[in-house]
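# Results of the structural survey
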Amino acid sequence: MPLLIGVSGHRNALLRDSSGNADESLIVQAIITALKHWRAQVGEQTPIWLLTGMASGPDLLAIDAVEALMEGEPDWYTGNCDVIPVLPMPVEYFRADFAGTEPAWQTKFDYYLNKYQHNLIVTTANMSDEERLSAYTDLNYGESRSQLYLNQGAFLSRYSNVLLTLWDGQDSDSVGGTADVVKLKCGMPGVCTDKVHPGLQPVGYFDGLQGGVLQHILVERTAENPAEHLTAGFQRLAPDAPEQATVYLCHSHPSAQTSPLSSSLSEEFVALVRQLKQFNAEPMQGDCSDDALLGEGLAGRCAIFSKADKVALKAQSRYRTQLLLFMAFAFLGLLAYETVSNLLNTLGGLIIIGAVLVVVGVTFFIILGAKMARLKWRYQLNRMVAESLRLRGYLNLADVPPSLPPMLPRRYRSSFPLVSQANALGEMIWWQDRQTFQNGYQGNLERVKEQWIGGQIRYLDSKLKTTRESKIRWINKQPKLAMQTFNRMSYQLFIAAVMLGVMMWLVHGWLLWQYPLDTFAGNVNRCELNQLSNGFLPWLWCEWDTGVMLAVQFLVMLGGVIALWVELANYRFASAGFAHMQVFYKRAQFLLAQSLTKVQTDKLLTELANEAMQEHAEWNLSEAESDLARR
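Residues numbered from 1 in each chain as written. Predicted model: local features only at pLDDT ≥ 70, side-chain atom pairs only at ≥ 80, totals over all residues. Heavy atoms only, no water.

### Here's the deal with the nonpolar core
Put simply, the rule reads: Joining through side-chain atoms within 4.5 Å is the link that ties buried Ala, Val, Leu, Ile, Met, Phe, Trp, Tyr and Cys residues into a set, and such a set is a nonpolar core. Burial classification: accessible surface area is computed with a 1.4 Å probe over protein chains only, and a residue below 20% of its type maximum counts as buried, one above 50% as exposed, and the rest as partly exposed. Helix and strand labels come from DSSP, where a helix needs a run of H or I of at least four residues and a strand needs a run of E of at least two; each type is numbered from the N terminus. Only heavy atoms enter the contact rule, under which two residues are in contact if any of them lie within 4.5 Å.
Core analysis: the largest hydrophobic core is formed by 140 residues, its most contacted members being Trp452, Tyr585 and Leu605. Among the elements that take part in this core, helix H12 (residues 375-397) stands out by supplying eleven residues, more than any other. When residues no more than four places from it in sequence are discounted, the contact partners of Trp452 are Arg390, Leu391, Tyr394, Leu395, Arg447, Tyr585, Leu605, Leu608 and Ala609. Counting 29 residues, the second largest nonpolar core, distinct from the first, contains Leu323, Ile366, Ile475 and Val561.

What follows is the structure, encoded as structure tokens:
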């Protein structure tokens, strides 16, 4: 999974050599320096994708920098870096931007466009078809065409983890320039977004995404700009970044550098880098050869989905083994503990006490291993990544555009930034193949209804079945059945212990009645005075009293162990979550069978995906509470 770096810069940006002469190679070198910083942060195994607007100047020079790195640096190669061209309009209209520039820029554009054509994204603004066509053909670069560049800048702002700017640091009155892109990234006022696509609009003010990471390469411009500087209040995020490419954390209130907004944005970005490194360090590879429909909806991102799914299943399997091992030793330890009181001051007692201590030590190291391996956390995180991509893949197929707010609720994004990253990558496929999805909407919608909605209902039905479908696997595959079965077992063991306890109480009472306290000392064992002639049951009790007491202790202990298993397996919350989602999916299935407009269908599927993602996030947090690592 890649780190996304968007580049935006003045077309007339300049860097001068020691003699004061403008030198394009200095811009390339500055970009190389900036990109090397991020390679050092995320490591060789994490891909870096460059999102570029392909205009003359820094946009194309940034691709030169990537190409130079791939040719000259061992930790940059085709597998761990890529270029995503992001155009504000179709290619045939965008070529007009090179009129009046040096022919070399047009040549460079054609070469790189041909090389990275498979990644091409053409953004679309919030305009009617007539307005859009007028903007495409506006060679005077009026307001309507400028809105297309602003829409492109909004795309770079939304999908870039780091916005790399080659900029003079000053505000500008022109619409859609680098200053506007910076303001969009930082959530700063002063940008009119009426014509920006709804899926690229700034997120709600309270959402907490009013800001981001900005890397600034200070450049000159061929024309002077007397406007105010915008970087004065920005907070430096990475003190170790090269001085030529300063890394800032910017947000909508730059003067309040120590605000909760600053800390939350910083923590989220640091967590993203950490989780990217962890995810990409997993040696597994993925593909969607067994799911052609999802492969269509996610295209190249399907490999990320498949890898996340495989990593999650592997971590889940290892965690379950770890948990079973813990439960086995805990059971043996409790069994020994309940037994040892009857064997004190004997060789057997010495051995059992030693066994109890060994079991305590083993369970301690199992819990310590769980804290170090964090298997359940890895399972949860990767399961959410896979689920996010799966949902987005089906939305793509149904031609549902990205919308606000993001699929993952705000309160979970700081814990799971990798999930937001996966969702963004899935949304980019919609932008990339938008026309294909639009053309295949009707046919794909029926397939989505069957495979996503129908398939999910069948899956949830299987999870909530209360009849066994296998001899052993139901313990993990059918949480409702497992919860009912184990609760019933724990209840029955408790009832058996109570019944034995009542019997013990009655026998004790009979013995005390036979040998009252006014005749014998109260602390004398009545069984020493009992005779077989007094009755068979009292005699039997006196012969087996220790065994019966052990049986009671064992029943209570076993019931407690089963209750602990039910808690650690988190059956209750899983069953409740599956039941909630079953209701949602059946409602969606019914509504989709009605005559809905495209807008109504989009809204329904978006809300369903959001509900599914929120339920998944809440389930993950409940799973974290039952994690063995927290014992």
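### Notes on the packing of aromatic side chains
The relative placement of two aromatic rings is captured by the distance of their centres and the angle of their planes. Keep this limit in mind: Pairing of aromatic rings covers Phe, Tyr and Trp, the last through its six-membered ring, and needs centres within 6.5 Å; plane angles under 30 degrees mean stacked, over 60 mean edge-to-face, and all others mean tilted. A ring has a charge above it when a Lys NZ or an Arg CZ is no more than 6 Å from the ring centre and no more than 35 degrees off the ring normal.
Applying the stated criterion across every chain yields a total of 19 aromatic pairs. With 4.9 Å between their ring centres and 25° between their planes, Tyr93 and Tyr136 make a pair best called stacked. In this pair, Tyr93 is assigned in helix H3 (residues 91-94) and Tyr136 in helix H5 (residues 129-136), connecting sequence segments 43 residues apart. When its relative accessible area of 12% is taken as the criterion, Tyr136 is described as buried. Among the aromatic residues, those joined into a ring-pair cluster are Phe155, Tyr159, Trp430 and Trp431. Directly above the aromatic system of Phe279 lies the positively charged group of Lys307, at a separation of 4.9 Å from the ring centroid. A cation over a ring is seen here: Arg434 above Trp430, with NZ or CZ 5.9 Å from the ring centre.

### Things to note about the environment of Val182
Looking at the element boundaries, Val182 is found in helix H7 (residues 178-186). What makes Val182 buried here is its relative accessible area of 0%. Between the C-alpha atom of Val182 and that of Ser8, which follows or precedes it by 174 residues, the distance is 8.7 Å.

### Some details on the pairing of strand S3 (residues 48-52)
To be explicit about the condition: Any two strands with at least two DSSP-identified bridges between them are counted as paired.
Among the five residues that make up S3, five are buried, leaving the element largely enclosed by the rest of the structure. Residues Ile48, Leu50 and Thr52 line one face of S3 and the alternating positions Trp49 and Leu51 line the opposite face, and both faces are buried. Pairing analysis gives five bridges linking strand S1 (residues 3-9) to S3, with the strands arranged parallel. Directly across from Gly6, in S3, lies its bridge partner Leu51.

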